[in-house]
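A closer look at the structure
Here is how the chains run, residue by residue.
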Amino acid sequence: MHISEGVLSPAVLAGGAALAVVGTAIGLKKMDYEAIPRVAILSAAFFVATLIHVPVGPVGAHLVLNGLMGLLLGWVAVPAILVALFLQALLFQFGGLTVLGVNTVIMAAPAVIAYYLFRPLLRQPGTIAAVGAFACGFTAILLSGLFMAAALVFTGEAFWPAAQLALAAHLPVMIIEGLVTLFIYQYFRKTQPALLAKLYA
Amino acid sequence: MSGIAEPFSEGSSLAHRLDPRGKIVVAALFATLIAVAQSLAAVLGGLTLAVLWLFLAWLPWRQVLGKLLAVNSFIFFLWLVLPFSYPGDPLFTVGPLTATKQGIWFSALITLKSNAIIIGLIALIATVPVVTLGQSLHSLKLPPKLCHLLLFTYRYLYVFEEEYQRLRTAMKMRGFRPRTNMHTYRAFAYLAAMLLVRSADRAERVFQAMLCRGFRGVFYSLRTFSWQRRDGVFLAGSLLALAAILLTEWRLPRLV
C-alpha cells in the first residue's frame, strides 16, 4: 500500500524527499555505469514480483521483497526502489510524484537496514542463515509499516487510528514476506549461489 | 494479455503534442503546490485547472474514471477513519464512534487534493511515453545514472511480465491453486526466485552484448526536442494559473 497524493503535511513530504535524495545519491555513487543494466534488470524482476498476489485467508496481499532487494543490492536498492515506485506511479497511478520521496523512504530505508542487519547472519551455515532470511523479510515489512505509520502521525494527531490500522495491515504481510524470503534464499543457495555473492563481498 | 500498460501515452491531442519538458515542469510545480495547499479555494482552483488540462489531453473518459476509482482506495481507507478521529464538533455517531464536522471537511479536502493532483498528472505526465519521459528528465539535468536506470528498468518490465505469465500458465497447467497454506507460499517464492534467477542470467548476457557493441555507460539519443510557440503559450498560461492558485492560498489561509 502506498500513501497517495495530497494526504501528508508539507513538512513530512519535504523530509521524505530530502532523505530520499540523500539515499539515492549514495546509491548512485555506489553504482558504476557498468552496473546499470544489471541493477535495472534485477529491479524490473522485483517490480514484476510485486504483481504476485498471495492469498492470506479471505484477503490478498502482494509480495514486496524489499528486504531481499536490500540484501542483494545494498545501498543501490534506494535508486532501484525509487525508479520502481516512479514507474508504478506512471503506469498504475499508485502513489504519486509529491509522495515519491516519502514512499521511497518507507520501502528503501528498511532494505538498507536489512542489508546491514542480516548480511552477517546469512553468511553462516544452515539454521542461522535460515532464521536470518526469515527475519530479513519479516523485519523489512515491519519497518515499512512503522515508517508509514510515522509519516501519517507526523502529519497530524488525527491520523493516529489510521496509522495504527495501516500498521496492523502490515502484520500478516510480515509473516508471509518472512516465509517467502526464506524460501527464495534457500532456492538461491541450492541453485544459484553466485547470486548471493554480494552477501559475502 | 499484459497487465502493464500505458493506456494514455498515445494520442494526437494538443496535450500529447506539447513538449514533454514543459509538461513535466508544470506538473511538478502543480503537484507540489496542491499537495501543500490548505485552503478549499486553492484546491478547487487546482481541480479546475487539472480538468482543463484533461480536456486538452482528450483521453477516453471511462478509462480515466476507472483509474481514478482504483487510485482512491487509500483515500477510501482514510474516510473510514479520519472523520471519527479528527477533533471538532460532533456531527453524528455510529456505535461508539463520533464523526466531527471538521473531520468530514478535512477528509473532503484531502480527497479533492488527491484527485486534483492525480487528474493533473494523468493529463500531463501519463500522456508522455515512458521512454520520452526518461529522455526529457535527462535533458532536465536529472542524474544521468538515474535516467538510464529508469529507461533500462522500463525496457525489461515487459520481458519479465511475459516471463511471469508463462510461469503462471505452467503452474496452472499442473493444477496449482493458490490457497492460504505453506505449499502456496513456497510455490510463489520459487516463482519469484525463478524470475530473479532468469533476470540475473539475462542481465549478464545483455551486459556482455552491450560491451561488444561498445557500451561506455552513455545512451546517445537520436531524439531532439523542439520548443515551439504552443509550448511557450502552455507554459505561460499554466504558470499564470498556478500563480493565481498560490495567491488564493496565500490570501485565504486555512478555511478548514
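Residues numbered from 1 in each chain as written. Chains lettered and ligands numbered in written order. Predicted model: local features only at pLDDT ≥ 70, side-chain atom pairs only at ≥ 80, totals over all residues.

**Focus: the overall build of chain B**
Helices and strands together make up the secondary structure of chain B, namely ten helices and two strands. Start at the N end of chain B and walk to the C end: the helices and strands fall as α-α-α-α-α-β-β-α-α-α-α-α. Overall, chain B is about 65 × 60 × 30 Å in size when its C-alpha atoms are taken along their principal axes. Counting every position in chain B, which comprises 256 residues, the buried fraction comes to 36%. The contacts of chain B with a sequence gap of at least 6 include a subset with a gap of at least 24, amounting to 78%. (Helix = DSSP H or I, 4+ residues; strand = E, 2+ residues; numbered from the N terminus. Buried ≥ 20, exposed ≤ 12 C-beta atoms within 10 Å, placed from the backbone. Contact = placed C-beta atoms within 7 Å.)

**Regarding the domain arrangement of chain B**
Accessible area lost during the coming together of the parts is what is often quoted as the interface size. Assigned domains of chain B: these are domain 1 (14–134 + 225–251) and domain 2 (141–212). Here the C-alpha centroids of domain 1 of chain B and domain 2 of chain B sit 33 Å apart. (Domains from an automatic or database assignment.)

**A short note on the pairing of strand 2 (residues 97–100) of chain B**
All names here are of chain B. In this sheet, strand 2 lies alongside strand 1 (residues 90–94) in antiparallel orientation, the contact comprising four bridges. Bridge pairing links Thr93 to Thr98 in strand 2. Connecting strand 1 to the next strand, strand 2, in antiparallel fashion are two residues, including Gly95 with a positive phi near 60 degrees. (Pairing = 2+ DSSP bridges.)

**A word on unusual backbone geometry**
Backbone geometry follows two general trends: most residues other than glycine have a negative phi, and most peptide bonds adopt the trans configuration. Non-glycine residue Gln93 of chain A carries a positive phi angle of around 60 degrees. Here Gln93 of chain A shows up in the loop between helix 4 (77–92) and helix 5 (100–123). Phi angles above zero are rare outside glycine, and Trp58 of chain B is one such case at about 45 degrees. Relative to the elements of secondary structure, Trp58 of chain B occurs in the loop between helix 3 (40–57) and helix 4 (61–71).

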